[in-house]
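The residues making up each chain are set out below.
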Amino acid sequence: MINEIIGVIMFLIGSIFMFLGALGLMRMPDLYNRLQAGTKATTLGIIFTILGLGIYYPEIIFKAILIVLFILMSNPVSSSTLARSAYKKGIKYYEKTINEVEDICLK
Amino acid sequence: MTIMIIISAVFIILAVILTFIRFLIGPTVYDRIAALDVLTLITTVIIVVLAVNYKQKIFMDVAIVYSLLSFIGVIAFARFMEKKIDQ
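Reading the values: the criteria
- Residues numbered from 1 in each chain as written.
- Chains lettered and ligands numbered in written order.
- Predicted model: local features only at pLDDT ≥ 70, side-chain atom pairs only at ≥ 80, totals over all residues.
- Heavy atoms only, no water.
- Helix = DSSP H or I, 4+ residues; strand = E, 2+ residues; numbered from the N terminus.
- Rg over C-alpha atoms; globule rule 2.2 N^0.38 Å.
- Buried < 20%, exposed > 50% of the residue type's maximum accessible area, 1.4 Å probe, protein only.
- Contact = heavy atoms within 4.5 Å.
- Areas by Shrake-Rupley, 256 points an atom, 1.4 Å probe, with all protein chains shown as cover.
- pLDDT = per-residue confidence, 0-100.
- Core = buried A, V, L, I, M, F, W, Y, C linked by side-chain atoms within 4.5 Å.
- Patch = residues over 30% accessible without salt bridge, like charges linked within 9 Å, V, L, I, M, F, W, Y side chains within 5 Å.
- Salt bridge = Lys/Arg side-chain N within 4 Å of Asp/Glu carboxyl O.
- Phe/Tyr/Trp six-rings, centres within 6.5 Å; stacked < 30°, edge-to-face > 60°.
- Axes fitted to C-alpha atoms, helices over the stretch in contact; angles between N-to-C directions.
- Parallel < 35°, antiparallel > 145°, perpendicular 65-115°, else oblique.
- Nonpolar A, V, L, I, M, F, W, Y, C, P; charged D, E, K, R; others polar.

Engineer: Looking at this structure, how should I read the overall build of chain A?
Structural biologist: Along chain A, the regular secondary structure elements total four helices and zero strands. In sequence order, chain A lays out its α and β elements as α-α-α-α. Taking 107 residues into account, the globule formula puts the C-alpha radius of gyration at 13 Å, and chain A, at 18 Å, lies well above it. By its C-alpha atoms, chain A is 65 × 25 × 20 Å across when sized along the principal axes. Here chain A holds 107 residues, and 44% of them are scored as buried. Sequence separation of 24 or more characterises 64% of the internal contacts of chain A that already satisfy a separation of 6 or more. By element, 69% of the accessible surface of chain A is carried by carbon and sulfur atoms, the whole surface being about 6,000 Å².

The following block contains the structure:
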C-alpha cells in the first residue's frame with residue numbers, strides 16, 4: 001500500500017516536470033535557452049516518472065532502473081552535441097545574451 | 001489516487017501538444033531536432049505506461065531500444081548538419 005502512494009506521487013512530480021520542460025521549450029526566446037530548458041527538466045521528469053512506475057509495480061524495477069541509467073548517460077551528450085553543432089553553424093543569440101569570449105575578451 | 005493519475009495524464013498530454021507546436025513552428029532545424037528529442041523521451045514514458053497497463057513485460061525492451069534509437073538519431077542529425085557547412 002505504501003509503495004503505491006509513493007509511486008503515484010513520484011509519477012505526478014515527474015509529469016509536472018515534463019510539462020515544465022515542454023513549456024520552457026515553447027516559451028524561451030533562443031535556441032540555446034530552449035535546449036537548456038527542454039533537456040534538463042525533461043531528464044528529471046523521465047527519472048521521476050519511470051522510477052515511480054517501477055516502485056508502483058515492483059516486477060519491472062530492474063528494467064526501469066536500466067532505462068533511467070541509459071537516459072541519464074545519453075541525454076546530456078545529445079544536447080551537448082546539438083548545441084556544439086548549432087554554435088559552429090553560427091545560430092544567432094538572443095540580444096540580451098553576453099558571450100564572454102567574443103564580446104569581452106577579444107575586444 | 002485515480003485523480004492524481006488523471007492529473008498526470010493531463011500534464012503529459014499538454015507537454016506533447018506544446019512540444020509538437022514547437023516542432024511545427026521552429027525557426028531553425030535545430031529547434032525541430034530538440035523538439036523531436038523531447039517527443040521521443042515522452043514517448044518512452046508512454047511505452048512504459050502501456051507495458052504496465054497491458055501487463056506485457058516485452059514492452060520494457062521496446063522502451064530500451066526506443067531510447068537508444070532516439071539518442072543515435074539526434075547524434076546523427078547533429079553531426080550531419082555540422083558536416084554540411086564544410087563543403
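Engineer: Can you walk me through the confidence of the model for chain A in this structure?
Structural biologist: For residues with low pLDDT, the predicted coordinates do not support detailed interpretation. Confidence in the prediction for chain A averages 88 pLDDT; 99% of positions are at 70 or higher. Least confident of the elements in chain A is helix α4 (residues 100–105) of chain A, whose mean pLDDT is 75; most confident is helix α1 (residues 2–27) of chain A, at 91.

Engineer: When you look at unusual backbone geometry in this model, what are you seeing that I'm missing?
Structural biologist: Across residues other than glycine, the phi torsion is negative in most instances, and most of the peptide bonds are trans. Unusually for a residue other than glycine, B:Lys55 sits at a positive phi of about 60°. When its relative accessible area of 70% is taken as the criterion, B:Lys55 is described as exposed.

Engineer: I would appreciate a short explanation of the nonpolar core in the present structure.
Structural biologist: One broad trend across soluble globular proteins is that nonpolar side chains are buried collectively. Of all hydrophobic cores here, the largest spans 28 residues; its most connected members are A:Ile46, A:Ile50, A:Ile67, B:Ile42, B:Val48 and B:Met60. At nine residues, helix α2 (residues 29–54) of chain B tops the list of elements feeding residues into this core. When residues no more than four places from it in sequence are discounted, the contact partners of B:Val48 are A:Ile50, A:Leu53, A:Ile67, B:Met60 and B:Ala63.

Engineer: Explanation requested: a nonpolar patch on the surface in the structure shown.
Structural biologist: Taken together, B:Ile6, B:Val10, B:Ile13, B:Leu14, B:Ile17, B:Phe20, B:Ile21, B:Leu24 and B:Ile25 make up a surface patch of nonpolar side chains, about 810 Å² in accessible area. Tracing the chain through its elements places B:Ile17 in helix α1 (residues 2–25).

Engineer: Would you explain the packing of aromatic side chains in this entry?
Structural biologist: Geometry of an aromatic ring pair is reported as the spacing of the ring centres plus the angle between the planes. Per the stated rule, a full pass over the model turns up six aromatic pairs over all chains. Each ring, one from A:Phe70 and one from B:Phe71, has its centre 6.3 Å from the other, and the planes form 90°; the classification is edge-to-face. One end of the pair, A:Phe70, is in helix α3 (residues 61–89); the other, B:Phe71, is in helix α3 (residues 58–83), on a second chain. Owing to a relative accessible area of 23%, A:Phe70 belongs among the partly exposed residues under this scheme. The partly exposed category is assigned to B:Phe71, whose relative accessible area is 22%.

Engineer: Explanation requested: the packing of α3(A) against α2(B) in the structure shown.
Structural biologist: When two helices pack together, their arrangement is given by the angle between the helix axes and by the axis-to-axis distance. At a minimum axis separation of 10 Å, α3(A) and α2(B) run at an interaxial angle of 170°. Between α3(A) and α2(B), the crossing angle belongs to the class labelled roughly antiparallel. Here A:Ile67, A:Ile71, A:Asn75, A:Ser78, A:Leu82, A:Ser85, A:Ala86 and A:Lys89 of α3(A) lie close against α2(B), whose contacting residues are B:Tyr30, B:Ile33, B:Ala34, B:Asp37, B:Leu41, B:Thr44 and B:Val48. A per-class count over the contact of α3(A) with α2(B) returns nine nonpolar, four polar and two charged.

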